[in-house]
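Observations on chain architecture
Given next are the chains, with one letter for each unit.
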Amino acid sequence: MGDLKPAAKAMCPAGNVQMKVVKGDFGYVLEDVPHLSDYLSDLPTYPNPLRFNPAYSVVKQYFVNVDDTVAQRFLGLVVICKCELEMLWFSSGLQIVVHTDSPRGTHFRRAGPRQKVYFDPAEVHACIVTCGGLCPGLNTVIREIVCGLYHMYGVSKVLGIDGGYKGFYARNTVTLTPKVVNDIHKRGGTIIGTSRGGHDTGKIVDSIQDRGINQVFIIGGDGTQKGAAVIYEEIRRRGLKVSVAGIPKTIDNDIPVIDRSFGFDTAVEEAQRAINAAHVEAESIENGIGVVKLMGRYSGFIAMYATLASRDVDCCLIPESPFYLEGKGGLFEYIEKRLKENGHMVIVIAEGAGQDLLSESLQSMNQQDASGNKLLKDVGLWISQRIKSHFGRQQKLAINLKYIDPTYMIRAIPSNAADNVYCTLLAQSAVHGAMAGYTGFTCGPVNGRHSYIPFNHITEKQNKVVITDRMWARLLSSTNQPSFLNPKDVKEVLEEEEPPTQMLEGENCKDSKFATKDIPSMS
């Protein structure tokens, strides 16, 4: 990116000190993360121990340039227009061409090791905590944080906080060494335990201060990251030299900004087993219906990708796409049609789908768990009962339905190869950031490049399936199911969509001689 010469630099308003905004030419905006030097003066720096690490002695350009940033938005189309060619961007070897007056958009600080660190490794006392529900890859992240601190930076004091946030003040700690964590990536769950809720900011920071902890690694979902943001703000208010780093965790892949969340690939892969079982059951009996409920409270990514990967699914229902049961074009009509055509069918439904239909007949829809998440009714069981009831009343089509809920089996398995590699990169990015003095950040890949992201960016909204996007269209064409959307629903969805990125497109090109090329997805 070259040397950053910001036109303006400012902290966010009081109450949101998790982000620094740097503005530059051509609409360039860097939403930077806090640094210990923002509120602590005259901090000593040290040469990065990686300079003397034989594992990295042959690596060229290993250290990240201080000005390296990563663009949040990535254009999936290259349009070369001779009359307006000025800036070329390169990301993973792909060329991006934009207008001379196109805004360069939002960027984040690139993750990776810096030449100087703000902690003497001998004085580092780190801790790791896992919060919320289980997810494949938790143990891998724990292992790689411990091994990264030890092998890359020579840090030997790492504590595991037992039992989530409340473990800071209510439970014992676990001493973590490379030997202790050596094989934990082969197991599901988390060796340091987890819990929901239990967040008491004052007690947590008191415990951090009393124990002499100066690096805190927090693994959890959006609620956990909100808690991490509050912990950072209290640490900053007290003027403590403590780095707070978050590693975003959600099996549903509903964290915004980042390309994907760890555990998602494993969940999709394991979901295939349940779908295959449902398909075998359904096709082995007359008018067999297999119903599989998958994770996805507010986002249907697991259900969508598992359906696309399986090719045995006849209907996929997700929270983002409304559906209805009775009447022309409804689910019951489609089920009857598929049974008459094929003699069997498989339905995949995300746990958050159809909750509005349940609320019409069931009470207690406003209950919450300890993390503040709304308790959802079992939509899989409900829809199974409705299907049985509907076709039982008709008495003209006897069905045989089998319902499978693999949720806790999927959450509890070890991560697969792809997620293990990804968890390693996440953990090492967090370690590099904390050692470099960054704080109040979470890490993750943005357009294929690992970045440091302000907490508020990943907690302000949820990532959801865009049902007017090509991926959902691919699913509909794969299953041949109706969209269940009427014209009014389509209009409402389009109005909720974000405006397109102001990049160069064919119809905006003044020169008639232009080239258009598709770029492979970076996600």
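Fair warning: this is a prediction, and the values are worked out from it, not measured in the lab. Along each chain, residue indices are assigned from 1 in the same order as the chain's sequence is written. Two thresholds apply to this predicted model, a pLDDT of at least 70 for residue-level local features and 80 or more for giving and counting side-chain atom pairs, whereas whole-chain, interface and lining totals are computed over all residues. Note: side-chain values were computed over all heavy atoms of the structure, leaving out hydrogens and water.

1. Some points on the overall build of the protein chain
The condition that has to hold: A run of H or I in DSSP counts as a helix once it spans at least four residues, and a run of E counts as a strand once it spans at least two, with each numbered from the N terminus. Should any heavy atoms of two residues lie within 4.5 Å, those residues are considered in contact.
Secondary structure summary: the protein chain contains 14 helices and 22 strands in total. Pairs at least 24 residues apart make up 77% of the contacts formed inside the protein chain by residues separated by at least 6 positions.

2. Thoughts on the UniProt feature "binding site: Mg(2+)" (unreviewed entry) in the protein chain
Rules: UniProt positions are given in the numbering used here, feature names are shortened, and annotations may be inferred rather than shown by experiment. Exposure categories follow from relative accessible area, calculated using a 1.4 Å probe and restricted to protein chains: below 20% of the type maximum is buried, above 50% is exposed, and the middle band is partly exposed.
The UniProt record marks Asp222 with the feature "binding site: Mg(2+)" (unreviewed entry), using the residue numbering of this structure. Considering the arrangement of structural elements, one finds Asp222 in helix α4 (residues 222–238). Taking relative accessible area as the criterion, Asp222 reaches 28% and is therefore assigned partly exposed. In contact with Asp222, other than residues within four places in its own chain, are Ile458, Thr459 and Gln462.

3. Notes on the packing of aromatic side chains
Filter applied, for reference: Aromatic rings from Phe, Tyr and Trp, with only the six-membered ring used for Trp, were paired whenever their centres fell within 6.5 Å, and each pair was classed as stacked if the ring planes differed by under 30 degrees, edge-to-face if by over 60, and tilted otherwise. The rule is short: NZ of Lys or CZ of Arg within 6 Å of the ring centre and within 35 degrees of the ring normal puts a charge over the ring.
Tallying each qualifying case throughout the model produces six aromatic pairs. Measuring from ring centre to ring centre gives 6.4 Å for Phe332 and Phe391, while their planes differ by 75°; the resulting arrangement is edge-to-face. Note that Phe332 is positioned in helix α7 (residues 331–342) and Phe391 in helix α9 (residues 379–394), a separation of 59 residues in sequence. Both residues of the pair, Phe332 and Phe391, count as buried. A network of ring pairs unites the aromatic residues Phe323, Tyr324 and Phe484 as a single cluster. The ring centre of Tyr422 lies 4.2 Å from the NZ or CZ of Arg260, which sits over that ring.

4. What about the sheet that holds strand β19 (residues 400–404)?
Quick note on the threshold: Being paired, for any two strands, means DSSP has found at least two bridges between them. Working convention: axes come from line fits to C-alpha atoms, limited for helices to the stretch in contact. Angles between N-to-C directions cover 0 to 180 degrees.
Spatially, the four strands line up as an open sheet ordered β17-β18-β16-β19, and their pairing is parallel. Taken across any chain shown, the strands that pair with only one partner, and hence form the sheet edges, are β17 (315–317) and β19. Strand-to-strand twist across the sheet, computed as the mean angle between neighbouring axes with direction ignored, equals 15°. The sheet contact formed by strand β16 (residues 288–294) and strand β18 (residues 344–350) spans seven bridges and is parallel.

5. Some points on the nonpolar core
Convention followed: Within this scheme, the nonpolar core is defined by two criteria: the residues are buried Ala, Val, Leu, Ile, Met, Phe, Trp, Tyr or Cys, and they are joined through side-chain atoms within 4.5 Å. Domain ranges listed in this record stem from an automatic or a database domain assignment.
By size, the foremost hydrophobic cluster in this structure holds 108 residues, and its most contacted members are Ile128, Ile145, Phe217, Ile247 and Phe262. In terms of residues, this core owes the most to one element, helix α1 (residues 138–153), which gives nine residues. A domain split of this core shows at least three residues from each of domain 1 (20–82 + 91–260 + 415–460) and domain 2 (264–362 + 374–412 + 466–493). Contact partners of Ile128, with chain neighbours within four places excluded, come to Ile142, Ile145, Val146, Val158, Leu159, Gly160, Ile161, Leu176, Ile192, Phe217 and Ile219. Within the second largest apolar cluster, 26 residues are counted, among which are Leu317, Tyr334, Ile335 and Ile349.

6. Description of helix α11 (residues 417–435)
Under the convention used in this document: A helix is expected to span 1.5 Å multiplied by its residue count minus one. Here a polar contact means two N or O atoms within 3.5 Å. Within protein one must be a hydrogen donor candidate and the other an acceptor candidate, and residues neighboring in sequence count only if both atoms are side-chain atoms.
Here α11 contains 19 residues, and its C-alpha end-to-end distance of 27 Å stays within 8% of the 27 Å for a straight helix at 1.5 Å per residue. For α11, the capping residue at the N-terminal end is Asn416, with a side-chain oxygen 3.3 Å from the backbone nitrogen of Ala418. Residue Gly437 follows α11 closely and has a positive phi angle near 90°.

7. Description of the pattern of salt bridges
We count it as follows: Basic side-chain nitrogens of Lys or Arg form a salt bridge, by our definition, when they fall within 4 Å of a carboxyl oxygen of Asp or Glu.
Within the structure shown, the criterion is met by 18 salt bridges. Glu144 serves as the salt-bridge partner of Arg143, at 2.7 Å between the closest nitrogen and oxygen. What makes Glu144 buried here is its relative accessible area of 11%. The closest approach of N and O atoms between Glu341 and Lys337, which form a salt bridge, is 3.1 Å. One end of the pair is Glu341 and the other is Lys337, both in helix α7 and four residues apart, which spans about a single turn. The class for Glu341 is partly exposed, based on a relative accessible area of 45%.

8. Points about the pairing of strand β14 (residues 215–220)
This is how the line gets drawn: With strands facing away from the observer, any crossover in which the path from the first strand over the helix to the second runs clockwise is taken as right-handed.
By the criterion of burial, β14 is predominantly enclosed, with six of the six residues buried. In terms of strand pairing, β14 meets strand β15 (residues 243–248) through six bridges, oriented parallel. Note on β15: the bridge partner recorded for Ile218 is Gly246. Regarding the hand of the β-α-β motif, the stretch spanning β14, α4 and β15 is right-handed.

9. Some points on helix α6 (residues 301–310)
For α6, the buried fraction is high: eight of the 10 residues fall into the buried class. In the stretch just after α6, Arg311 is the one whose phi turns positive, near 70°.

10. Thoughts on the pairing of strand β20 (residues 441–446)
In terms of burial, β20 is largely enclosed, as six of its six residues are buried. Of the two faces of β20, the one carrying Phe441, Cys443 and Pro445 and the one carrying Thr442, Gly444 and Val446 are both buried. As paired strands, β15 and β20 are joined by two bridges and run parallel to one another. In the strand pairing of β20, Ala245 is matched with Phe441. By the bridge criterion, six bridges tie β20 to strand β21 (residues 449–454) in an arrangement that is antiparallel. Pairing of Val446 across the sheet is with Arg449, part of β21.

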